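Below are the chains, spelled out letter by letter.
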Amino acid sequence: MTMHKPFARKMRQLSNLRKRIIKATNTSLCKQLLIRYQRLLNYLVTRLTYRKLARFLIIPGLFVLQSQDLVQAQNFSTPPIDLSNADLQGFARPVAADIDGDGDLDIFYSDYETESMAFVENISTGDELEFADPTIPSFFPSEFLDYGFFAMGDLDEDGDLDVVFFRGSYDDGTQMVFNILENVGTATDPQFADGELPIVVEGTGIMLPNLADLDADGDLDLVGALSAETYDGTDSISFVYFENTDGIFGPQQTQGPLNLAVLPGAILTDLTVGDLDLDGDMDVLSFQGGEFPAGQYFFNYFFHENTGTAESPLFAAPVASPFGLMFTTDTTPLLSFPHLVDLDMDGDLDVLAYQYDPSAEIGRMLFYENADEVMTSILQTDLRELQVYPNPVGNLLQIQADFSVESITIYTAAGKNVKVIEGNNGDELHQISVSGLSRGTYFGVISGSEMRGRIRFVKT
């Protein structure tokens, strides 16, 4: 998955789009192609020299490098790219995060063969993603894999990532327990230890957790899919939501929260959260599989649009195969655990998914690339990239710079200036608060000591 020239594939895409625009006779089609062209060009101007891109700045009769407020849905490329270096045994639920603060996203999942956490390091060097073989990291305790379902986020807002592991239900069937693995190391040298207090919430069954600020109040809530079995033998599957109130989750759950619906007949479902339609609030992507009506099976991805607001979400009825995200299966059922994350760090949400064939007991790690880049139009081709962590970030962002920082200017993906931070602390490691920013992708220009750099990060 490596390539000889960085960004060569995207340069070819840009060239092909330019030819299609020149030949286009339909006004509507030309407008759509121009939107894609400008986004791709805006992505490349932050990474390549002006000389390499000069001829692409003008299309006959059009000057295309200009700021626009563009709100577009995502478009996922299919078929997905297989990231697996070998067949993976057992089913797993992936999570991607920059755990070591090196500026890219690594993959984690629970390995049922070794009964330990698997760490898949991102070793990409060019435009194409490349991952190493799975290893067992030394920085995770091994005794928290009862079920293997977990989520990552900065729960204590100290600038590094913590882990929430689902541990199971109490014997009385009324409470579910999650262990917090706190990062007691640093953002670049992590070391996880069992937190002092577990999270105890109402309910029974097996829950697949996500940490997301679902109500836009600045903290991470607990939301996920719950497979419950009651003592009378009745099975049920639902989406559940536990609001974070000053560090306390629930304890009472909201089932089917805010109209977030599970389809009739579902036997397995999972969800992931992100702004899929780029309207500033959190939507939900789910996988659901089951049988309804009798003898008719369904296995697909579904889009749950937030038709409310960022602060008061309300979800519409699920729509199958959203944004070209097709899920194909033969007569053999295939299960999928999706995770919305900007895996290739190009400014939009991709889908990382673990697809499992229960009949063969083999899984694959798949990457659905988001084909519509939404990047800044700021011309900063001469600036070197600086490392930031954690990424994605909830509150405190650490910036690694080898010069004294005097100012930081933060821009949205559309190029709008939203925050300027002045100061000079002379430290190599700089920490800023981004809690006041809305969720989305941001870019920053770092200035000071006669040096400049750029950063990019995702605010959750």
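Just so it is clear, the structure is predicted and the values come from calculations on it, not from any experiment.

Caption draft 1: Representation of the overall build of the protein chain in the model. Of regular secondary structure, the protein chain possesses three helices and 33 strands. Expressed as a percentage of the 460 residues in the protein chain, the buried residues total 53%. Contacts in the protein chain between residues at least 24 apart in sequence constitute 56% of all its contacts with a sequence separation of at least 6. Surface exposure of the protein chain reaches about 20300 Å², of which carbon and sulfur atoms provide 50%.

Caption draft 2: Expanded view of the sheet that holds strand β20 (residues 283–291). Pairing within the open sheet is antiparallel, and its four strands lie in the order β19-β20-β21-β22. Two strands lie at the open edges of the sheet, namely β19 (266–274) and β22 (319–320), each paired on one side alone. Strand direction decides the pairing type here: strand β21 (residues 297–304) and β22, joined by two bridges, are antiparallel. Among the inter-strand pairings, F303 is bridged to a residue of β22, identified as V319.

Caption draft 3: A look at the environment of G453. Along the chain, G453 turns up in strand β33 (residues 451–459). Each C-alpha atom of the pair G453 and L386 lies 6.2 Å from the other, and the pair is 67 residues apart in sequence.

Caption draft 4: View of the confidence of the model for the protein chain. Across the protein chain, the average pLDDT comes to 77, with 79% of residues at or above 70. Mean pLDDT values for the elements of the protein chain range from 46 in strand β2 (residues 62–63) up to 92 in strand β23 (residues 335–341). This stretch, residues 63–72, has a pLDDT under 50; its non-local contacts, to residues over four places away or in other chains, come to 28 contacts. Low pLDDT, under 50, characterises residues 373–381; the stretch is placed with 46 contacts to residues that sit more than four places away or in other chains.

Caption draft 5: Structural context of the nonpolar core. Of all hydrophobic cores here, the largest spans 56 residues; its most connected members are F178, M207 and L343. By residue number, the principal contributor to this core is strand β24 (residues 350–357), which donates five residues. Setting aside its immediate chain neighbours within four residues, M207 contacts F149, F166, M176, F178, L222, V223, G224, A225, L226, V240 and F242. L386, F403, Y442 and I446 belong to the second-largest nonpolar core, a separate cluster that totals 17 residues.

Caption draft 6: Spatial organisation of the pattern of salt bridges. According to the stated counting rule, one finds four salt bridges in the structure shown. One salt bridge in this structure joins R9 and E369, with 3.6 Å as the shortest N-O distance. On the criterion of sequence distance, the pair formed by R9 in helix α1 (residues 8–23) and E369 in the loop between β25 (362–368) and β26 (384–385) is long-range, its members being 360 residues apart. Residue class for R9 comes out partly exposed when judged on its relative accessible area of 21%.

Caption draft 7: Up close: the sheet that holds strand β6 (residues 106–111). The sheet built from three strands is open, its strands ordered β5-β6-β7 with antiparallel pairing. Pairing within the sheet leaves two strands with one partner each, and these edge strands are β5 (95–97) and β7 (116–120). Looking at each pair of strands side by side, their axes are set apart by 30° on average, direction ignored. Relative to β6, β5 runs antiparallel, the two sharing three bridges. Counterpart to A97 in the pairing with β6 is D106.

Caption draft 8: Inspection of a negative patch on the surface at higher detail. A surface patch of negative charge is lined by D156, E157, D158, E182 and E196. Inspection of the secondary structure assignment puts E157 in the loop between β8 (150–153) and β9 (162–169).

Caption draft 9: Local environment of the packing of aromatic side chains. Considering all chains together, one arrives at eleven aromatic pairs under this definition. Centre to centre, the rings of F140 and F192 are 4.6 Å apart; their planes meet at 10°, and the pair counts as stacked. Within this pair, whereas F140 is found in the loop between β7 and β8, its partner F192 is found in strand β11 (residues 192–194), the two being separated by 52 residues in sequence. Note on accessibility: F140 and F192 belong to one class, buried. Geometrically, the ring pair formed by F303 and F323 is tilted, given 5.0 Å between the ring centres and 55° between the ring planes. Placement of the pair is F303 in strand β21 and F323 in the loop between β22 and β23, with a sequence separation of 20 residues.

Caption draft 10: Examining unusual backbone geometry more closely. With an omega of -10°, the peptide bond running from Y389 to P390 counts as cis. One non-glycine residue, S321, lies in positive phi territory at about 50°. Relative to the helices and strands, S321 is located in the loop between β22 and β23. In this structure, E361 takes a positive phi of about 55° despite not being glycine. Note on placement: E361 falls in the loop between β24 and β25.

Conventions we followed
Residues numbered from 1 in each chain as written. Predicted model: local features only at pLDDT ≥ 70, side-chain atom pairs only at ≥ 80, totals over all residues. Heavy atoms only, no water. Helix = DSSP H or I, 4+ residues; strand = E, 2+ residues; numbered from the N terminus. Buried < 20%, exposed > 50% of the residue type's maximum accessible area, 1.4 Å probe, protein only. Contact = heavy atoms within 4.5 Å. Areas by Shrake-Rupley, 256 points an atom, 1.4 Å probe, with all protein chains shown as cover. Pairing = 2+ DSSP bridges. pLDDT = per-residue confidence, 0-100. Core = buried A, V, L, I, M, F, W, Y, C linked by side-chain atoms within 4.5 Å. Salt bridge = Lys/Arg side-chain N within 4 Å of Asp/Glu carboxyl O. Axes fitted to C-alpha atoms, helices over the stretch in contact; angles between N-to-C directions. Patch = residues over 30% accessible without salt bridge, like charges linked within 9 Å, V, L, I, M, F, W, Y side chains within 5 Å. Lys, Arg positive; Asp, Glu negative; His and termini not counted. Charge placed at Lys NZ, Arg CZ, Asp CG, Glu CD. Phe/Tyr/Trp six-rings, centres within 6.5 Å; stacked < 30°, edge-to-face > 60°.

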